Amino acid sequence: MSLHDDAVRVLKAYGGQPELRGTYLSHLDTHPDGMWKACTAGHLTASALVVDPERGRVLLTLHRKLGMWLQMGGHCEPGDATVAAAALREAEEESGVAGLTLLPGGPVRLDRHPIPAPCHWHLDVQYAALAPPGAVETISDESLDLRWFAYDEVAEAADASVVRLLSETRARL
(Lines give C-alpha, C1' and ligand atoms only; values in the text may rest on other atoms or scores of the structure.)
Protein backbone atom coordinates (compact mmCIF):
# COMPACT_ATOMS: atom_id res chain seq x y z
CA MET A 1 0.00 0.00 0.00
CA SER A 2 1.36 3.42 -0.93
CA LEU A 3 1.46 6.36 1.48
CA HIS A 4 -1.21 8.02 -0.66
CA ASP A 5 -3.44 4.93 -0.31
CA ASP A 6 -2.83 4.86 3.45
CA ALA A 7 -3.83 8.53 3.73
CA VAL A 8 -7.08 7.86 1.88
CA ARG A 9 -7.76 4.87 4.15
CA VAL A 10 -7.01 6.87 7.31
CA LEU A 11 -9.16 9.79 6.22
CA LYS A 12 -12.10 7.58 5.25
CA ALA A 13 -11.96 5.97 8.71
CA TYR A 14 -11.65 9.30 10.55
CA GLY A 15 -15.05 10.13 12.01
CA GLY A 16 -14.67 13.84 12.72
CA GLN A 17 -14.73 17.07 10.75
CA PRO A 18 -16.69 15.71 7.76
CA GLU A 19 -16.40 18.81 5.57
CA LEU A 20 -12.65 19.19 6.06
CA ARG A 21 -12.17 15.42 5.72
CA GLY A 22 -13.97 15.67 2.37
CA THR A 23 -11.63 18.48 1.31
CA TYR A 24 -8.62 16.29 2.10
CA LEU A 25 -10.05 13.30 0.22
CA SER A 26 -10.95 15.46 -2.78
CA HIS A 27 -7.44 16.91 -2.79
CA LEU A 28 -5.89 13.43 -2.82
CA ASP A 29 -8.28 12.32 -5.55
CA THR A 30 -7.35 15.31 -7.71
CA HIS A 31 -3.63 15.33 -6.90
CA PRO A 32 -1.82 11.98 -7.04
CA ASP A 33 1.24 13.87 -5.72
CA GLY A 34 -0.78 15.43 -2.88
CA MET A 35 1.34 13.73 -0.20
CA TRP A 36 4.52 15.53 -1.22
CA LYS A 37 5.95 18.99 -0.67
CA ALA A 38 6.39 19.36 -4.44
CA CYS A 39 2.59 19.54 -4.90
CA THR A 40 2.13 23.31 -5.16
CA ALA A 41 -1.67 23.08 -4.83
CA GLY A 42 -1.06 21.90 -1.26
CA HIS A 43 0.02 18.69 0.41
CA LEU A 44 -0.66 16.54 3.42
CA THR A 45 1.57 16.90 6.44
CA ALA A 46 1.65 14.84 9.62
CA SER A 47 2.05 16.05 13.19
CA ALA A 48 1.76 14.88 16.77
CA LEU A 49 1.14 16.65 20.04
CA VAL A 50 3.51 15.12 22.59
CA VAL A 51 1.94 14.54 26.02
CA ASP A 52 4.00 13.86 29.14
CA PRO A 53 3.61 10.48 30.91
CA GLU A 54 1.64 12.06 33.76
CA ARG A 55 -0.76 13.56 31.20
CA GLY A 56 -0.60 17.09 32.54
CA ARG A 57 1.72 18.83 30.07
CA VAL A 58 2.51 18.96 26.36
CA LEU A 59 5.83 19.51 24.65
CA LEU A 60 5.81 22.30 22.06
CA THR A 61 8.50 23.46 19.68
CA LEU A 62 9.29 27.07 18.92
CA HIS A 63 9.35 26.71 15.15
CA ARG A 64 12.49 28.18 13.61
CA LYS A 65 10.84 29.64 10.49
CA LEU A 66 7.49 30.67 11.94
CA GLY A 67 8.54 31.80 15.41
CA MET A 68 5.45 30.13 16.89
CA TRP A 69 4.94 27.43 19.53
CA LEU A 70 3.55 24.40 17.71
CA GLN A 71 3.19 20.64 17.98
CA MET A 72 5.89 18.55 16.31
CA GLY A 73 5.27 17.80 12.64
CA GLY A 74 6.14 18.27 9.04
CA HIS A 75 6.30 16.84 5.57
CA CYS A 76 5.83 13.22 4.65
CA GLU A 77 8.89 11.48 3.24
CA PRO A 78 9.22 8.60 0.76
CA GLY A 79 10.37 6.26 3.55
CA ASP A 80 7.17 6.77 5.56
CA ALA A 81 4.99 3.66 5.28
CA THR A 82 1.92 5.35 6.81
CA VAL A 83 0.69 8.80 7.79
CA ALA A 84 0.86 7.71 11.44
CA ALA A 85 4.49 6.65 10.94
CA ALA A 86 5.24 10.08 9.42
CA ALA A 87 3.70 11.83 12.43
CA LEU A 88 5.65 9.64 14.84
CA ARG A 89 8.92 10.14 12.92
CA GLU A 90 8.44 13.92 12.88
CA ALA A 91 7.60 13.98 16.60
CA GLU A 92 10.66 11.95 17.52
CA GLU A 93 12.99 13.92 15.22
CA GLU A 94 11.80 17.32 16.40
CA SER A 95 11.50 16.50 20.11
CA GLY A 96 14.51 14.22 20.44
CA VAL A 97 12.31 11.94 22.57
CA ALA A 98 12.66 8.25 21.71
CA GLY A 99 9.91 5.77 22.45
CA LEU A 100 6.88 7.96 21.77
CA THR A 101 3.59 6.06 21.38
CA LEU A 102 0.70 7.40 19.33
CA LEU A 103 -2.66 7.41 21.07
CA PRO A 104 -4.91 4.70 19.63
CA GLY A 105 -7.81 5.61 17.40
CA GLY A 106 -6.02 7.35 14.53
CA PRO A 107 -5.83 11.10 13.98
CA VAL A 108 -7.08 13.43 16.69
CA ARG A 109 -7.85 16.33 14.32
CA LEU A 110 -7.33 17.76 10.87
CA ASP A 111 -6.08 21.30 10.34
CA ARG A 112 -5.82 23.05 6.97
CA HIS A 113 -3.74 26.22 7.00
CA PRO A 114 -2.24 28.51 4.36
CA ILE A 115 1.51 28.61 3.81
CA PRO A 116 3.70 30.90 1.70
CA ALA A 117 4.14 30.32 -2.04
CA PRO A 118 5.06 28.36 -4.05
CA CYS A 119 2.84 25.95 -2.16
CA HIS A 120 -0.46 27.23 -0.84
CA TRP A 121 -1.82 24.81 1.78
CA HIS A 122 -0.77 22.35 4.43
CA LEU A 123 -3.43 19.74 5.06
CA ASP A 124 -2.22 18.53 8.44
CA VAL A 125 -3.24 15.16 9.84
CA GLN A 126 -2.80 15.60 13.58
CA TYR A 127 -2.11 12.82 16.08
CA ALA A 128 -1.20 12.77 19.77
CA ALA A 129 1.68 10.83 21.29
CA LEU A 130 2.55 9.85 24.84
CA ALA A 131 6.13 10.33 25.98
CA PRO A 132 7.69 7.50 27.98
CA PRO A 133 8.62 7.96 31.64
CA GLY A 134 11.90 9.82 32.00
CA ALA A 135 11.65 11.36 28.54
CA VAL A 136 14.33 13.96 27.83
CA GLU A 137 13.80 16.38 24.96
CA THR A 138 16.56 17.62 22.65
CA ILE A 139 16.26 20.69 20.44
CA SER A 140 16.55 19.90 16.71
CA ASP A 141 17.78 22.09 13.85
CA GLU A 142 14.15 22.92 13.00
CA SER A 143 13.45 24.42 16.39
CA LEU A 144 14.58 27.44 18.36
CA ASP A 145 13.40 25.93 21.63
CA LEU A 146 11.39 23.11 23.19
CA ARG A 147 9.29 23.56 26.29
CA TRP A 148 6.80 21.59 28.36
CA PHE A 149 3.58 23.56 28.89
CA ALA A 150 0.89 22.77 31.45
CA TYR A 151 -2.47 22.38 29.73
CA ASP A 152 -3.69 25.72 31.09
CA GLU A 153 -0.61 27.52 29.71
CA VAL A 154 -1.03 26.45 26.08
CA ALA A 155 -3.61 29.10 25.13
CA GLU A 156 -1.22 31.86 26.23
CA ALA A 157 1.70 30.48 24.20
CA ALA A 158 0.26 28.85 21.09
CA ASP A 159 -2.31 29.65 18.43
CA ALA A 160 -5.91 28.43 18.25
CA SER A 161 -5.04 25.35 16.16
CA VAL A 162 -2.81 24.00 18.93
CA VAL A 163 -5.46 24.80 21.55
CA ARG A 164 -8.04 22.83 19.51
CA LEU A 165 -5.61 19.93 19.13
CA LEU A 166 -4.97 19.92 22.88
CA SER A 167 -8.71 19.96 23.62
CA GLU A 168 -9.35 16.96 21.36
CA THR A 169 -6.30 15.16 22.75
CA ARG A 170 -7.51 15.63 26.31
CA ALA A 171 -10.93 14.27 25.34
CA ARG A 172 -9.26 11.18 23.90
CA LEU A 173 -7.06 10.66 26.98
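Focus: the overall build of the chain
From N to C terminus, the chain includes 5 helices and 8 strands. Secondary structure of the chain in N-to-C order comes out as α-α-β-β-β-β-α-β-β-β-β-α-α. Relative to the globule expectation of 16 Å for 173 residues, the C-alpha radius of gyration of the chain, 15 Å, shows essentially globular dimensions. The principal-axis extents of the C-alpha atoms in the chain amount to approximately 45 × 30 × 30 Å. Sorting the 173 residues of the chain into buried and exposed places 45% on the buried side. In the chain, of all internal contacts separated by at least 6 residues, the share reaching a separation of at least 24 is 66%. In the structure as shown, the chain presents an accessible area of about 8300 Å², 54% of it carried by carbon and sulfur atoms.

Details of the nonpolar core
One recurring pattern in soluble globular proteins is that nonpolar side chains are buried together. In terms of nonpolar packing, the biggest core is built from 30 residues, with M35, L44, V50, V83 and Y127 touching the most fellow members. For this core, the elements supplying multiple residues, two or more each, are α1 (3-13), α2 (18-30), β1 (43-51), α3 (83-95), β7 (121-130) and β8 (143-150). What M35 contacts, discounting residues up to four positions off in sequence, is L3, H4, A7, L28, H43, L44, C76 and V83. In this structure, L49, V108, A128 and L130 belong to the second largest nonpolar core, which totals 18 residues.

A few points about the pattern of salt bridges
Applying the stated criterion across every chain yields a total of 8 salt bridges. Residues R89 and D80 are paired through a salt bridge, measuring 2.8 Å at the closest nitrogen-oxygen approach. The same class applies to R89 and to D80, which are both buried. Across the pair R89 and E90 runs a salt bridge, and its minimum N-O distance is 3.0 Å. For the pair R89 and E90, a shared accessibility class is recorded, and that class is buried. Residues joined by salt bridges that share partners form a network here, namely E77, D80, R89, E90 and E93.

Points about the packing of aromatic side chains
Under the defined criterion, the tally for this structure stands at 1 aromatic pair. Measuring from centroid to centroid gives 5.0 Å for W69 and F149, while their planes differ by 75°, and the two rings are edge-to-face. With W69 in strand β3 (residues 69-70) and F149 in strand β8, this pair connects stretches of sequence that are 80 residues apart. In this structure W69 comes out as buried when scored by relative accessible area, which is 12%. Given the relative accessible area of 6%, F149 is considered buried. For R112, the ring lying beneath its charged end belongs to W121, and the centroid distance is 3.6 Å.

A word on the pairing of strand β6 (residues 109-114)
Direction of pairing for β6 relative to β7: antiparallel, over a ladder of 6 bridges. Bridging across to β7, D111 finds its partner in D124. The turn joining β6 and β7, which pair antiparallel and follow one another in sequence, is formed by 6 residues.

Description of the environment of V97
Here V97 is to be found in the loop between α3 and β5 (101-102). The sequence separation of V97 and T23 amounts to 74 residues, and the corresponding C-alpha distance is 33 Å. Aside from chain neighbours lying at most four places away, what touches V97 is L59, E92, A131, P132, A135, V136 and E137.

Thresholds, definitions, all that
Residues numbered from 1 in each chain as written. Predicted model: local features only at pLDDT ≥ 70, side-chain atom pairs only at ≥ 80, totals over all residues. Heavy atoms only, no water. Helix = DSSP H or I, 4+ residues; strand = E, 2+ residues; numbered from the N terminus. Rg over C-alpha atoms; globule rule 2.2 N^0.38 Å. Buried < 20%, exposed > 50% of the residue type's maximum accessible area, 1.4 Å probe, protein only. Contact = heavy atoms within 4.5 Å. Areas by Shrake-Rupley, 256 points an atom, 1.4 Å probe, with all protein chains shown as cover. Core = buried A, V, L, I, M, F, W, Y, C linked by side-chain atoms within 4.5 Å. Salt bridge = Lys/Arg side-chain N within 4 Å of Asp/Glu carboxyl O. Phe/Tyr/Trp six-rings, centres within 6.5 Å; stacked < 30°, edge-to-face > 60°. Lys NZ or Arg CZ within 6 Å of the ring centre and 35° of its normal. Pairing = 2+ DSSP bridges.

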